[in-house]
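If you want the building blocks of each chain, they are given just below.
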There are 2 protein chains.
Amino acid sequence: MSERNLTLLTDLYQLTMMQGYYENDVNNHEVVFDLFYRNNPSKNGYAICAGLEQAIEYIENLHFNEEDITYLESLKLFNRSFLDYLANFKFTGDIDAIEEGTVVFPGEPLMRVKAPILEAQFVETALLTIINHQSLIATKAARVVRAAEGDAVLEFGLRRAQGPDAGVYGARAAIIGGCTATSNVLTGKLFDVPIAGTHAHSWVMSFEEEIEAFRAYAKLFPDKCILLVDTYDTLESGVPNAIKVFDEMKAAGIKSASYGIRLDSGDLAYLSKRARMMLDEAGHTDAIISASCDLDELLIADLKRQGAKISLWGVGTNMITSSDCPSFGGIYKLAAEISKDGTVIPKIKISDNPEKVTNPGIKKIVRVYDKKTYKMLADILALEGEVFKEEEPLTLLETKARWKKMKLKPHTFVLRELLVPIYRQGKKVYQNKTVKEIKTYAHTELETLWDEYKRLINPQIMPVVLSDKLYELRQKMLEDYKKD
Amino acid sequence: MSERNLTLLTDLYQLTMMQGYYENDVNNHEVVFDLFYRNNPSKNGYAICAGLEQAIEYIENLHFNEEDITYLESLKLFNRSFLDYLANFKFTGDIDAIEEGTVVFPGEPLMRVKAPILEAQFVETALLTIINHQSLIATKAARVVRAAEGDAVLEFGLRRAQGPDAGVYGARAAIIGGCTATSNVLTGKLFDVPIAGTHAHSWVMSFEEEIEAFRAYAKLFPDKCILLVDTYDTLESGVPNAIKVFDEMKAAGIKSASYGIRLDSGDLAYLSKRARMMLDEAGHTDAIISASCDLDELLIADLKRQGAKISLWGVGTNMITSSDCPSFGGIYKLAAEISKDGTVIPKIKISDNPEKVTNPGIKKIVRVYDKKTYKMLADILALEGEVFKEEEPLTLLETKARWKKMKLKPHTFVLRELLVPIYRQGKKVYQNKTVKEIKTYAHTELETLWDEYKRLINPQIMPVVLSDKLYELRQKMLEDYKKD
């Protein structure tokens, strides 16, 4: 995405609305939009946010070139003066965001855009596309990696990804979510992350005999020699032939850093147990058994429960598409307007559905940790200027049930603000992190959650509470609306 | 994708295998791979193949640049001589493919690649990524469009697409599948297809009063004036305010080419019926009622059954991700090798699962239509040299139940071969079609299917039969395998 001009990657209505604002709002007044989501994907207990680096690249490259303007002109929807404005368009606002790899929860602004309304409105679609996609896959990957209980998980999904970007940035997000490596070479090159892979059935089929294919492969890559054993018959042919080749390597004095087999069909629990016995009996106790084949987090967890002897998991389709939940419901809603004199006018989106009423005002997120364990206790959604102190008592009231209290004594908790400055007046003020750094950070983030919040099915729900001030503002705005 | 170098968009194992072939096969012998799939997505009765144009662009741009080679070298997996080979790599083979927009069925080669093994192996991953993605979305869109029974369907999913490409090429595929327009401006520009969209809730919220927002919009775009009526209260506020504005337009003598409302929440059946009554009573019988909000083909079909008064459908997340089935299971399997003297040696992939045994040899697909109705009767998978004549009787035996026969008399049927030449010895010999042409073609393709095959749930299964010669070859190879 780094050098691509994705300026027209938007919904037409952003441009028609922009022309409307251009015509009706000579001051192009400043507004604040929140990018947030309402439900964790896959009924997970949290999400891992990702995609900020690509969102930044998008903002950096934002400009309508001549070809874009000519195209827009050809639509006969826009007037000359607005098109001239677009020709000089650039982003001049502020962006704050939660850093990639952070554990996040529904309702929290992952990104907060404060800019003249034409700019703030315009960037909606592409920001959502980018953040929604990568947060989805990072979250799914975190689930899969958790199911693997410390075993390495490899991302293998490129061929089933929803197009090249889905493969490339999906693999990036999967690494952030905890995968050890990806098969995707382009992702490896672009983001300096480990890549992995050995051979396919076609390699075996292109030789007269399976064992010849194995021998040839072992000769070529003795140090990373994982042989695919299910082309013909896993236990009758594949595993015995692999063992022969491993014997030959041993006899020739070749010490492999990593060798073993890959199962890609059949019952992985049964086959891995039988294969383990066969490999062990032949003295190859350090041979790895890896598996692929329509895996997802629930199947991996179940195979583990059944004692499958697999220690390396290749996960494709179900992770790269987040197949049980292929979209992350990020939305982008107006939270405030800034009047000419700088006053912040909070805005609220009413809905028949109480879950869909938005939180008004310019907000921040304060995360509360237990001081002793550094496990997370709650998040507070608060107004920007509010101050919380570790040396004062803190009472948190559950937003939907304000009689439910969490009372914290002074000096027993640690506070941390999640939003960090990314842009100030159109200038990038954030130093990108490498994917490796983000992955390490995401790992430590997950460590701050008790296991209960990370359960794959029916996890405990982390409280995200409104500060008293934000709660009162919201209630007042709802009351005012009722009176109308 | 047109100018992007996606050469490294591949699985690492393609490159490790290639080095293997490079070392072990000095002749780089020719092979034939089939790209096909095993099951229709969404339990549909057919698929619409798409993505060929982007597959061609990928092949056209295929080359390892210096940066790519440097990266591969840094992996310390590949030897100098192989890297030098890659630096001069280009595709020199033949490709045949089924044209985009064609109705296809499981087991049929959508693409057939005949090339030296290093090249044929290398292109696997990217071809699958491209064809799988677009065929998935084109098929899903065809389902949604069918559910809409002639109403226009707009593609609105960019913000929930799995990354920019998924949005851009997904929208392209959705148009091929029958959508009237997309909200995606970049797709509109790249592929010269209609784009659509009006305004969002934020437009309404940025005005003091809903009616002011509607007036401002109507003034700006009188000719395409679809007002979003659910920001506050659809029936109490939105629709009455829209009617006021339509009244004002009428009074001012403004004739709109297309005006009406959009519903984006609540019960769409109830709200649309009530809104229709209100609009009709006010004399706006030609006002359009459009709807969006988590729609998919089954919900649209159900809303239609309940008499919803909606004639324009905006479909987002569920179509752009094919949410019920977010991957198309295309695979790429070795079908034959060509020996030095040019002999074709058929190859078969055995599997414990009989469904997964491949069809050997260089194949073609012959489609059989009823001459009177031009409705499709069956597809024949045959060996390349086989000849079928319309003036001779034709007997088709079902592959899995060869006692089930279809006997056709001479001159009662029409035959058509589906694979067309795309590349010959590395040269493109195919003239790209425009997306509009492909969409029209896909529409005529769907007309060749009786409704039974297009049922959204539990459709009739189109017979794809093996020719006697192909069946016998396959049986013989299975027998030979058994003897080993």
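Residues numbered from 1 in each chain as written. Chains lettered and ligands numbered in written order. Predicted model: local features only at pLDDT ≥ 70, side-chain atom pairs only at ≥ 80, totals over all residues. Heavy atoms only, no water.

- By the naming in an unreviewed UniProt entry, chain A is Nicotinate phosphoribosyltransferase, taken from Sporanaerobium hydrogeniformans.

Notes on helix H2 (residues 52-60) of chain B
Then, number 1: Most of H2(B) is tucked away: eight of the nine residues are buried.
Then, number 2: For H2(B), the full list of buried residues reads Leu52(B), Glu53(B), Gln54(B), Ala55(B), Ile56(B), Glu57(B), Tyr58(B) and Ile59(B). (Buried < 20%, exposed > 50% of the residue type's maximum accessible area, 1.4 Å probe, protein only. Helix = DSSP H or I, 4+ residues; strand = E, 2+ residues; numbered from the N terminus.)

Quick notes on the interface of chain A and chain B
Then, number 1: Contact residues are listed per partner, giving 90 residues for chain A and 90 residues for chain B.
Then, number 2: Across the interface of chain A and chain B, roughly 7,700 Å² is buried in total on both sides, 61% from carbon and sulfur atoms.
Then, number 3: Counting the surface chain A buries against chain B, the share from its top three residues, Arg159(A), Gln162(A) and Met205(A), is 11%.
Then, number 4: Linking chain A with chain B are 10 salt bridges, by the criterion used here.
Then, number 5: For the pair chain A and chain B, the number of links is 45 residue pairs in polar contact (both at pLDDT 80 or more).
Then, number 6: In terms of residues, the side of chain A that touches chain B owes the most to one element, helix H1 (residues 12-24) of chain A, which gives 11 residues.
Then, number 7: Tallied by class, the residues present in the side of chain A that touches chain B amount to 44 nonpolar, 29 polar and 17 charged. (Contact = heavy atoms within 4.5 Å. Buried area = accessible area lost by both parts, 1.4 Å probe. Salt bridge = Lys/Arg side-chain N within 4 Å of Asp/Glu carboxyl O. Polar contact = N/O pair within 3.5 Å; in protein donor to acceptor, adjacent residues only side chain to side chain. Nonpolar A, V, L, I, M, F, W, Y, C, P; charged D, E, K, R; others polar.)

Remarks on empty space enclosed by the protein
Then, number 1: Overall, the coordinates contain three cavities of 30 Å³ or more when judged by the stated rule.
Then, number 2: The calculated volume of the largest cavity comes to roughly 70 Å³.
Then, number 3: Contributing to the lining of the largest cavity are Leu35(B), Cys49(B), Ala50(B), Gly51(B), Leu52(B), Ala97(B), Ile98(B), Glu100(B), Leu110(B), Met111(B) and Ile131(B).
Then, number 4: Taken together, the residues that form the lining of the largest cavity break down as nine nonpolar, one polar and one charged.
Then, number 5: Of the pockets and cavities examined, the second largest cavity occupies roughly 60 Å³.
Then, number 6: For the second largest cavity, the full set of lining residues is Cys49(A), Ala50(A), Gly51(A), Leu52(A), Ala97(A), Ile98(A), Leu110(A), Met111(A) and Ile131(A).
Then, number 7: Across the lining of the second largest cavity, the residue classes tally to eight nonpolar, one polar and no charged. (1 Å grid on protein atoms, 1.4 Å probe; cavity = no way out; pocket = protein on both sides within 12 Å on 5 of 7 lines; lining within 4 Å. Points joined across faces, edges and corners; volume = space filled by probe spheres on them.)

Looking at the packing of helix H6 (residues 124-147) of chain B against helix H7 (residues 164-176) of chain B
Residue and element names in this part refer to chain B.
Then, number 1: Packing of H6 against H7 leaves a shortest axis separation of 7 Å and a crossing angle of 45°. With respect to H7, the element H6 is oriented oblique. Seen from above, H6 lies across H7 with right-handed handedness. Contact residues: His 133, Gln 134, Ile 137, Ala 138 and Ala 141 in H6; Asp 165, Ala 166, Tyr 169, Gly 170, Arg 172, Ala 173, Ala 174 and Ile 176 in H7.
Then, number 2: Taken together, the residues that form the contact of H6 with H7 break down as eight nonpolar, three polar and two charged. (Axes fitted to C-alpha atoms, helices over the stretch in contact; angles between N-to-C directions. Parallel < 35°, antiparallel > 145°, perpendicular 65-115°, else oblique. Left-handed = near helix turned anticlockwise from the far one by under 90°.)

A word on the domain arrangement of chain A
Residues and elements named next belong to chain A.
Then, number 1: On domain assignment, one finds that chain A holds domain 1 (12-137 + 326-483) and domain 2 (138-320).
Then, number 2: On a C-alpha basis, the centroid separation for the pair domain 1 and domain 2 is 39 Å.
Then, number 3: At the interface, 28 residues of domain 1 touch 28 residues of domain 2.
Then, number 4: Summed over both sides, the interface between domain 1 and domain 2 buries roughly 2,200 Å², with carbon and sulfur atoms accounting for 59% of that surface.
Then, number 5: Among the residues of domain 1 in contact with domain 2, Ile 137, Val 435 and Leu 456 are the three that bury the most area, contributing 34% of the side total.
Then, number 6: Our enumeration of links across domain 1 and domain 2 arrives at four salt bridges.
Then, number 7: Where Asp 451 meets Arg 146, a salt bridge forms, and the shortest distance between an N and an O atom there is 3.4 Å.
Then, number 8: Connecting domain 1 to domain 2 are 18 residue pairs in polar contact (both at pLDDT 80 or more).
Then, number 9: Secondary-structure elements contributing two or more residues to the side of domain 1 that touches domain 2 are strand E2 (47-48), helix H2 (52-60), helix H6 (124-147), helix H15 (435-447) and helix H16 (451-454).
Then, number 10: Top element by residues in the side of domain 1 that touches domain 2 is H15. It accounts for six residues. (Domains from an automatic or database assignment.)

Topic: helix H15 (residues 435-447) of chain B
All names here are of chain B.
Then, number 1: For H15, spanning 13 residues, the distance from its first C-alpha to its last is 18 Å, which sits close to the expected 18 Å at 1.5 Å a residue.
Then, number 2: Three or more residues of H15 are buried, namely Val 435, Ile 438, Ala 442, Glu 445 and Leu 446. Take H15 and look down its axis: the buried residues cluster within an arc of 90°, on one side only. (Expected span 1.5 Å × (residues − 1). Arc of directions from axis to C-beta.)

A look at the state of the cysteines
Then, number 1: Per the stated rule, a full pass over the model turns up zero disulfides over all chains.
Then, number 2: Cys293(A) forms no disulfide, and the closest cysteine sulfur to it belongs to Cys325(B), at a distance of 16 Å. (Disulfide = S-S within 2.5 Å.)

A word on the relation of the copies chain A and chain B
Then, number 1: Between chain A and chain B, the superposition needs a rotation of 180° and an axial shift of 0.0 Å, giving an RMSD of 0.0 Å. Classification of the inter-copy transformation places it as that of a two-fold axis. Of the C-alpha atoms belonging to chain A, the one lying closest to the rotation axis is found on Asp165(A), 2.7 Å away.
Then, number 2: Interface overlap between copies: 100% of the residues of chain A at the interface are likewise at the interface in chain B, consistent with a symmetric, same-surface contact. (Least-squares fit on C-alpha atoms with pLDDT ≥ 70 in both.)

Here we look at the sheet that holds strand E1 (residues 30-37) of chain A
The strands making up a sheet associate through hydrogen bonds between their backbones, and the pairing can be parallel or antiparallel.
All names here are of chain A.
Then, number 1: Taken in spatial order, the seven strands line up as E13-E12-E1-E5-E3-E19-E20 in an open sheet, and their pairing is antiparallel. With partners counted over all chains shown, the strands left at the sheet margins are strand E13 (344-346) and strand E20 (427-428), one partner each.
Then, number 2: Inspection of the sheet shows strand E12 (residues 330-338) paired to E13 by three bridges, in the antiparallel sense. Within the sheet, the bridge partner assigned to Glu 337 lies in E13 and is Ile 345.
Then, number 3: Sitting on the sheet, H2 touches strand E3 (94-98), strand E5 (111-116), strand E19 (419-424) and E20, and the angle it makes with E19 is about 15°.
Then, number 4: In the packing of H6 onto the sheet, the strands contacted are E1, E5 and E12, and the crossing angle to E12 comes to about 135°. (Pairing = 2+ DSSP bridges.)

Description of the packing of aromatic side chains
Then, number 1: Applying the stated criterion to the full structure yields 38 aromatic pairs over all chains.
Then, number 2: The interplanar angle of 40° and the centroid separation of 5.1 Å between the aromatic rings of Tyr217(B) and Phe221(B) together place this pair among those described as tilted.
Then, number 3: Note on Tyr217(B): relative accessible area 1%, which makes it buried.
Then, number 4: Classification of Phe221(B) as buried rests on a relative accessible area of 5%.
Then, number 5: Each member of the aromatic cluster is reached from another via a ring pair, and the members are Tyr22(A), Phe64(A), Phe78(A), Phe82(A), Tyr85(A), Phe89(A) and Phe122(A).
Then, number 6: Note that Arg402(B) overlies the ring of Tyr471(B), its terminal NZ or CZ placed 3.7 Å from the centroid. (Phe/Tyr/Trp six-rings, centres within 6.5 Å; stacked < 30°, edge-to-face > 60°. Lys NZ or Arg CZ within 6 Å of the ring centre and 35° of its normal.)

Points about the sheet that holds strand E15 (residues 376-383) of chain A
Residue and element names in this part refer to chain A.
Then, number 1: Here four strands make up an open sheet; going across it, the order is E18-E14-E15-E21 and the pairing mixed. In this open sheet, the two strands that pair with only one neighbour each are strand E18 (413-417) and strand E21 (464-466). Direction aside, neighbouring strands of the sheet carry axes that sit 25° apart on average.
Then, number 2: Along the sheet, helix H17 (residues 468-483) contacts strand E14 (363-370), E15 and E21; its crossing angle with E15, the most-contacted strand, is approximately 50°.

Some details on the pairing of strand E8 (residues 224-228) of chain A
Then, number 1: In terms of burial, E8(A) is largely enclosed, as four of its five residues are buried.
Then, number 2: Following the backbone out of E8(A), through helix H11 (residues 234-251) of chain A and into the adjacent parallel strand E9 (residues 258-263) of chain A, one traces a crossover that is right-handed. (Right-handed = clockwise from strand over helix to strand, strands pointing away.)

A look at the pattern of salt bridges
Then, number 1: Taken as a whole and judged by the stated rule, the model has 68 salt bridges over all chains.
Then, number 2: For the salt bridge of Glu297(A) with Arg143(A), the shortest nitrogen-to-oxygen distance reads 2.6 Å. Remark: Arg143(A) occurs in helix H6 and Glu297(A) occurs in helix H13 (residues 297-305); sequence separation between them is 154 residues.
Then, number 3: Taking relative accessible area as the criterion, Arg143(A) reaches 3% and is therefore assigned buried.
Then, number 4: We note a salt bridge from Glu73(B) to Arg80(B), for which the minimum N-O separation is 2.9 Å.
Then, number 5: Note on Arg80(B): relative accessible area 41%, which makes it partly exposed.

Quick notes on the packing of helix H10 (residues 210-220) of chain B against helix H11 (residues 234-251) of chain B
All names here are of chain B.
Then, number 1: Packing of H10 against H11 brings their axes to within 9 Å, and their N-to-C directions diverge by 40°. In terms of their interaxial angle, H10 and H11 are classed as oblique. Crossing angle aside, the handedness with which H10 passes H11 is right-handed. Residues Glu 210, Ile 211, Phe 214, Arg 215 and Ala 218 of H10 lie in contact with H11, whose contacting residues are Ser 237, Gly 238, Asn 241, Ala 242, Lys 244, Val 245, Glu 248 and Met 249.
Then, number 2: Residues of the contact of H10 with H11, tallied by class, amount to six nonpolar, three polar and four charged.

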